[in-house]
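# Results of the structural survey
This is what each chain is made of:
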Amino acid sequence: MTEDMSGTPPHHGSHWYDAEAGPLVRPYAMTGGRTRPVTTTVRFDLIALIDLQDDAPEAVGKEVETLGPEHRALVDLCRIETQSVAELAAETDLPVGVVRVLLGDLVELGCVRVSRPVPPAQLPDEKILREVIDGLRAL
Amino acid sequence: MDSAPSDRRVDDALALKILIVGGFGVGKTTLVGSVSEIRPLRTEEQLSEVGTSVDDTGGVDEKATTTVAMDFGRITIRAGLAVYLFGTPGQDRFWFLWDELATGALGAVVLADTRRLQDCFPAVDYFEHRSIPFIVAVNCFPQSRSYGAHEVARALDLDQGTPVVLCDARDRDSGKEVLIRLVEYAGRVHTARLLDTVGTEPVG
């Protein structure tokens, strides 16, 4: 695919800036200046798994006023399948800190559920490790 | 979609975390990429004191956070079981990242280049002190003199039993073998710890 960079703007969208320019919207703008999630009961580990609540679509509809496009992007990704915090951040190209704040909002609104964190120093049982090893071999 | 909701409940799903730590240019990205679909992950972090003195923030006094990019890969073992790989920089000023990553991690791979073994010291220290299972994987660069696993273990002053494996980070099978060795070792460490607890705590 070739792109004419000499003056005429590309047809698709308004992406006249590029990744090199840095984010056009600063992260704090998406979180309303917040750096911590509103919910303090949930810790968003990078591999914490996020799932939509069963009644999420209704909840999203009801509270849609307070949700930004980034919130909705996260909800849409979770709709496809269960996602880890890291995947959501990579997929939306948002810093992890921003995703945590936005997920905190979604938890408060009852849109998403978070998996219980794995306690430190607790490894899964031998059967699971066996499965992982066999799975890696089969890659 | 009509798929059974139980297929995608977070409570049934299990995610495992493996860290790949090493100095610049040692092959972290290559290793993560050879065994999984790799994606960059951005974190905005508070600059640590050490980082502040290293990163030149002169003229931008307000800058209190820095963007750190990590390599992130996912290996799906089966529905509901996935292994997540996080490749992170190996300098000790990135400890703040490791603290978070190490929590609940299955273990770590310290990737080493025999020409710059000293780059591994911070990571080796870190994981030894926190009793996190780790193995050292020596990425065998074609132009570097080859050392045996024993020599590397001695040079790094590793605790007895810490595995050292030689690998080629570009090679998928070699990368797989590194991960398999780590999972096997983490399982052994875990079992040994369980036995220890059983032995020292009164039962009943």
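Quick look at the structure, then. (Residues numbered from 1 in each chain as written. Chains lettered and ligands numbered in written order. Predicted model: local features only at pLDDT ≥ 70, side-chain atom pairs only at ≥ 80, totals over all residues.)

## Quick look at the interface of chain A and chain B
Contact with chain A, which involves 34 residues of that partner, is made by 39 residues of chain B. Where the side of chain A that touches chain B is concerned, the elements lending two or more residues are β1 (49–52), α4 (85–92), α5 (96–108) and α6 (126–137) of chain A. Here the element with the most residues in the side of chain A that touches chain B is α6(A); it accounts for nine residues. Taken together, the residues that form the side of chain A that touches chain B break down as 20 nonpolar, five polar and nine charged. (Contact = placed C-beta atoms within 7 Å. Helix = DSSP H or I, 4+ residues; strand = E, 2+ residues; numbered from the N terminus. Nonpolar A, V, L, I, M, F, W, Y, C, P; charged D, E, K, R; others polar.)

## A closer look at the packing of helix α3 (residues 69–80) of chain A against α5(A)
All names here are of chain A. At a minimum axis distance of 10 Å, the contact between α3 and α5 shows a crossing angle of 75°. When the interaxial angle is binned, α3 and α5 end up roughly perpendicular. Across the interface between the two elements, Glu70, His71, Leu74 and Val75 from α3 touch Leu102, Leu103, Asp105 and Leu106 from α5. Across the contact of α3 with α5, the residue classes tally to five nonpolar, one polar and two charged. (Axes fitted to C-alpha atoms, helices over the stretch in contact; angles between N-to-C directions. Parallel < 35°, antiparallel > 145°, perpendicular 65-115°, else oblique.)

## Observations regarding the nonpolar core
Formed by 83 residues in total, the largest nonpolar core has its most connected members in Val85(A), Ile18(B), Val109(B) and Val110(B). Top element by residues in this core is α5(A). It accounts for eight residues. Setting aside anything within four residues of it in sequence, one finds Val109(B) in contact with Ile18(B), Ile20(B), Phe134(B), Ile135(B), Ala137(B), Val178(B) and Leu182(B). (Core = buried A, V, L, I, M, F, W, Y, C linked by C-beta atoms within 7 Å. Buried ≥ 20, exposed ≤ 12 C-beta atoms within 10 Å, placed from the backbone.)

## Remarks on helix α4 (residues 121–129) of chain B
Residue and element names in this part refer to chain B. Looking at α4, one finds that the buried residues are Ala123, Val124, Tyr126 and Phe127. Angularly, the buried residues of α4 cover 165° about the axis, an arc narrow enough to put them on a single face. Facing away from the buried side of α4, by more than 90 degrees, are the exposed residues Asp125 and His129. In this structure, the buried side of α4 is in contact with β1 (14–22), α3 (95–102), β5 (107–112) and β6 (134–139). One or two residues past the end of α4 sits serine 131, with phi positive at roughly 55°. (Arc of directions from axis to C-beta.)

In short, shape yes, function no, at least from these values alone.
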